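# Architecture and fold: a report
Here are the chains, one letter per residue:
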Amino acid sequence: MTGRKSENDLLGRGWASRAACVGKPAGWWFPDSYSDVAKVHRAVAICGDCVVRAQCLAYAMSDLSARDYGIWGGTTPSQREHLVHLICRGYRS
Ligand code: SF4
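Residues numbered from 1 in each chain as written. Predicted model: local features only at pLDDT ≥ 70, side-chain atom pairs only at ≥ 80, totals over all residues. Heavy atoms only, no water.

Inspection of every chain in the model, using the stated rule, returns one cavity of 30 Å³ or more. Quantified by volume, the largest cavity comes out at close to 90 Å³. Lining the largest cavity are 16 residues; nearest its centre among them are C21, C47, C50, C56 and G73. Among the secondary structure elements, those contributing two or more residues to the lining of the largest cavity are helix 2 (37-48) and helix 3 (53-62). Grouping the amino acids of the lining of the largest cavity by side-chain chemistry returns twelve nonpolar, two polar and two charged. (1 Å grid on protein atoms, 1.4 Å probe; cavity = no way out; pocket = protein on both sides within 12 Å on 5 of 7 lines; lining within 4 Å. Points joined across faces, edges and corners; volume = space filled by probe spheres on them. Helix = DSSP H or I, 4+ residues; strand = E, 2+ residues; numbered from the N terminus. Nonpolar A, V, L, I, M, F, W, Y, C, P; charged D, E, K, R; others polar.)

Following this line, the structure appears as structure tokens:
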């Protein structure tokens, strides 16, 4: 799949126009397998230079349909799941 990530996933979010992934193939952020380390690292590296990384991660963490798929804010779904567990554990202590 090619095209701007913002066309399908970031629509209506003002910060998306400043995203480093705009104009790049959306598939880079939605790999078939997260075990393909080279492909995941390519997307994560771009996220690392993105000025709206925090907004992107906050969006993914707040939207269940986004949280379980794709690389958002430089994180994979398993990393976001780990974040959720850490946050929940914090609330219990
Ligand atoms: S953090 Fe990554 S996925 Fe999120 S907007 Fe920036 S480049 Fe795109």
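This paragraph deals with the environment of R53. Take R53: it is sitting in helix 3. As a C-alpha pair, R53 and T75 span 22 residues in sequence and 9.8 Å in three-dimensional space. Leaving out residues up to four positions away in the same chain, R53 has contacts with C47, G48, G73 and G74. (Contact = heavy atoms within 4.5 Å.)

Geometry only, nothing functional implied.
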